[in-house]
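Residue-level structural notes
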Amino acid sequence: EVNDFVALSGGTTSYMLAYELINSSLGDLTILTNSVNISTLIIESTKNFRLILTGGIPRKGTYECIGEIALRAIRNFNIDKFFVGVNGISTEGGITFSNIEEAEIAKEIHSHSRKTFVIADHTKFGVMKPVRTLEISEINGIITDFVPENLNKKFKDLNKNLEFI
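Residues numbered from 1 in each chain as written. Predicted model: local features only at pLDDT ≥ 70, side-chain atom pairs only at ≥ 80, totals over all residues. Heavy atoms only, no water.

Relative to the elements of secondary structure, Pro58 occurs in strand β4 (residues 57-58). A relative accessible area of 48% means that Pro58 is categorised as partly exposed. Distance in space between the C-alpha atoms of Pro58 and Thr123 is 26 Å, their sequence separation being 65 residues. Here Pro58 is in contact with Val36, Glu64 and Cys65, once residues within four sequence places are set aside. (Helix = DSSP H or I, 4+ residues; strand = E, 2+ residues; numbered from the N terminus. Buried < 20%, exposed > 50% of the residue type's maximum accessible area, 1.4 Å probe, protein only. Contact = heavy atoms within 4.5 Å.)

This is the structure we're talking about:
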């Protein structure tokens with residue numbers, strides 16, 4: 001929406017969302033991210049989005065900034081919508097990550113956001129990674145290509161207000 005303040009986690013799905021935002025009709029958007037490659041994509045685009053990069057220590061491979069510097073930056077903001085890419089989503093484990101530092105960043109952004117949307121393709125469903133990050137009941141929606149039929153009702157049982165987009 002116009003004038004929204006959104007946050008994007010790192011990861012390939014978030015990168016694709018950033019690409020879609022750049023190619024959308026949206027013009028007046030503030031984007032917070034801890035992702036070096038997403039920030040580069042936005043900076044090099046023709047959009048005049050306001051970009052806030054958290055800073056911190058970038059991880060090789062994921063290009064996500066982690067650590068106290070990033071956490072401190074996040075604490076300064078009130079975010080409208082958080083779009084978080086995840087490593088797994090299941091009824092048993094909730095929203096899970098492989099890396100504890102990236103999970104800490106996601107938890108912090110979530111705690112400063114009015115709404116949180118998980119962005120995940122169908123391969124992440126039924127997957128449980130080691131770091132339990134958020135519960136299904138804590139999120140507002142799941143943006144995905146396909147929800148396996150057997151999980152749809154189970155997720156709704158855990159969160160009756162959950163939206164599938």
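What follows concerns the side chain of Lys81. Within the secondary structure layout, Lys81 lies in strand β6 (residues 79-85). Classification of Lys81 as buried rests on a relative accessible area of 14%. Reaching out from Lys81, the side chain makes a polar contact with the side chain of Asp4 at a distance of 2.6 Å. (Polar contact = N/O pair within 3.5 Å; in protein donor to acceptor, adjacent residues only side chain to side chain.)

With that settled, consider the pattern of salt bridges. Overall, the coordinates contain nine salt bridges when judged by the stated rule. Put simply, Glu68 and Arg72 hold a salt bridge, and the shortest N to O gap is 3.7 Å. A residue pair is termed a helical-turn pair when its members lie 3 or 4 positions apart in one helix, as Glu68 and Arg72 do in helix α3 (residues 68-74) at four residues. Put simply, Glu68 and Arg75 hold a salt bridge, and the shortest N to O gap is 3.0 Å. For Glu68, a relative accessible area of 39% puts it in the partly exposed group. Overlapping salt bridges, with partners in common, bring together Glu68, Arg72, Arg75 and Glu108 in one network. (Salt bridge = Lys/Arg side-chain N within 4 Å of Asp/Glu carboxyl O.)

Time to look at the pairing of strand β2 (residues 29-33). Residues in a regular strand point their side chains to alternate faces of the sheet. Burial analysis of β2 places five of its five residues in the buried class, the great majority of the element. A two-sided burial pattern is seen for β2, the buried positions comprising Leu29, Ile31 and Thr33 on one face and Thr30 and Leu32 on the other. Pairing geometry for strand β1 (residues 4-8) and β2, over five bridges, is parallel. Looking at β2, one finds that Phe5 is bridged to Thr30. As a crossover connection, the stretch from β1 through helix α1 (residues 12-22) into β2 is right-handed. Strand direction decides the pairing type here: β2 and strand β3 (residues 50-53), joined by four bridges, are parallel. For Thr33, the partnering residue across the bridge sits in β3 and is Leu53. In this fold, the crossover linking β2 to β3 by way of helix α2 (residues 36-43) has right-handed handedness. (Pairing = 2+ DSSP bridges. Right-handed = clockwise from strand over helix to strand, strands pointing away.)

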